[in-house]
Amino acid sequence: MFRKPKFKCFVLCVCLFSVSLCFLSFAFFPSSMLTATRPTDAVANTSDFRRLRSDGQQVSSHEERRLSGRRIEPKMVLSVVACGDRLNDTLVLVKSAVAFTSSPLKVVVVADDNLIPGFSQEFGNWPAEIRNRVNISIRPLEFPGDGRADEWKNLFKICASQRLFFPSLLHDVDATLYVDTDVIFLRPVDDIWRFFGQMNSSHLAAMAPENEDFATGWYNRFAQHPFYKPLGVNSGVMLMNLTRIRAFDWERQLVSIYKKYKQKITWGDQDLLNIFFHKHSNKLLVYPCEWNYRTDHCMYGSVCKSAEKNGVSIVHGSRNAFHGNKQPTFRILFETFQKYVLGRDLRTHLWEPLRRNLQQTAHTNCGKMYQIFLKAFDNFA
């Protein structure tokens, strides 16, 4: 008659032992070993960059750790290549990115030897608060050792083709946002970085269309080589998943494309990327034109509908738009950012002067819609 109490005690002990094991599991083992659910959006946007096998299959998270030897760092990485007289343009570009971005940011500047001292001095003069959250890495140029280094360096604009070799040059970087030197941010880097979270398991990179209008598009009317359909893509603002790109034999393929089409390309490395993604169209994510807004989108009338709705997010002053007199809206935008002192209040010392200055260009086609350059700023502020 004493067996029932003993049995109850036994069951109670087993339950307590099971609870203890669960507690110890959560206390001493990482959560990644206890769940197979997809990371949260915040994590996916910054660190969910998965390798692909040579057969195109996604590598498991366990094998990813084995291949890389470490966790993929979540920090955003902004990369730019500067040569010749591009010191000042690059400083304004980096200033705009840093001014709007409060998250930790790594900036990689690949530069000519003669520009490196200038970058070091200017970045060293930043306020301490900025230097504490922004990591600057200045690196020298490095082209393939195939006897064509000078040829690659001078393809289209000087040094522009360097970004084609980022997979090797930035061997310690998992993913990066590459931008040309003639670019200005009007929103935090975080906002465009989120497109990494929209990539599927095949995407290697993301870019905006070269044009929005078939009547004025360059590639569909003049290109003598294959291009990403229907209107080509512009490579001035480009998200690159370097971990996947390395696994896809990117550099060898681009060198082969250059050898085949070098007599037919006009826009240098951008043409090579268009040919590459024509062949591998499933490897590219295309984001809206507001993320690479150029004079083409307003000089003949507004053709970038996403910018009309959301505001311009990133301005690209291609074809010397920041310095010439043909597009005063773009020149004034650059000059206002140039005068802004990093660390000062954005609304008082940047937004207000920018609003006043842009109003002076309302007589031009691009200036008629000057509010779209302030819209993203309004939402951010």
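Residues numbered from 1 in each chain as written. Predicted model: local features only at pLDDT ≥ 70, side-chain atom pairs only at ≥ 80, totals over all residues. Heavy atoms only, no water.

(A) The arrangement of the nonpolar core in detail. Ranked by internal contacts, the top residues of the largest apolar core, which has 71 residues, are Leu-177, Phe-185, Leu-239 and Tyr-293. Per-element tally for this core: the top contributor is helix 4 (residues 87-100), with 8 residues. Leaving out residues up to four positions away in the same chain, Tyr-293 has contacts with Cys-298, Cys-304, Ala-307, Val-312, Ile-314, Val-315, His-316, Phe-330, Met-369, Ile-372 and Phe-373. In this structure, Leu-155, Leu-164, Leu-169 and Val-173 belong to the second largest nonpolar core, which totals 38 residues. (Core = buried A, V, L, I, M, F, W, Y, C linked by side-chain atoms within 4.5 Å. Buried < 20%, exposed > 50% of the residue type's maximum accessible area, 1.4 Å probe, protein only. Helix = DSSP H or I, 4+ residues; strand = E, 2+ residues; numbered from the N terminus. Contact = heavy atoms within 4.5 Å.)

(B) Just the pattern of salt bridges, in detail. Tallied over the full model, the rule gives 15 salt bridges. Between Glu-290 and Arg-187 there is a salt bridge whose closest N-O contact spans 3.5 Å. With a gap of 103 residues between them, Glu-290 in the loop between strand 8 (284-286) and helix 14 (305-310) and Arg-187 in the loop between strand 5 (183-185) and helix 9 (189-193) connect regions that are remote in the sequence. Assessed through its relative accessible area of 3%, Glu-290 is described here as buried. Between Arg-252 and Asp-249 there is a salt bridge; the shortest N-O distance is 2.3 Å. Linked by salt bridges that have partners in common, Arg-187, Asp-191, Arg-194 and Glu-290 make up one network. (Salt bridge = Lys/Arg side-chain N within 4 Å of Asp/Glu carboxyl O.)

(C) The arrangement of the environment of Ser-102 in detail. Within the secondary structure, Ser-102 sits in the loop between helix 4 and strand 2 (105-111). Linking Ser-102 and Ile-130, residues 28 residues apart in sequence, is a C-alpha distance of 9.0 Å.

(D) Summary view of the state of the cysteines. Applying the stated criterion across every chain, the model contains 3 disulfides. Disulfide partner of Cys-83: Cys-159, at an S-S distance of 1.9 Å. Taking the sign of the S-S torsion, about -95 degrees here, the bridge from Cys-83 to Cys-159 comes out left-handed. Taken as a pair, Cys-83 in the loop between strand 1 (76-82) and helix 4 and Cys-159 in the loop between helix 7 (149-153) and helix 8 (166-169) lie far apart in primary sequence, 76 residues in all. Comparing Cys-83 with Cys-159 shows no difference in burial state: the two are buried. A disulfide bridge connects Cys-298 with Cys-366, and the sulfur atoms are separated by 2.0 Å. (Disulfide = S-S within 2.5 Å.)

(E) Up close: the sheet that holds strand 7 (residues 233-240). Spatially, 3-2-1-4-7-6-8 is the arrangement adopted by the 7 strands of the open sheet, whose pairing is mixed. On the outer flanks of this sheet lie strand 3 (134-140) and strand 8, each paired with one strand and no other. Averaged over all pairs of adjacent strands, the angle between strand axes in this sheet comes to 25 degrees, irrespective of strand direction. Bridge count for strand 6 (residues 205-209) against strand 8 is 3 bridges, and the pairing is parallel. Looking at strand 8, one finds that Met-207 is bridged to Val-286. Its contacts with the sheet place helix 5 (residues 116-124) against strand 1, strand 2 and strand 3, and it is angled at close to 170 degrees to strand 3. (Pairing = 2+ DSSP bridges. Axes fitted to C-alpha atoms, helices over the stretch in contact; angles between N-to-C directions.)

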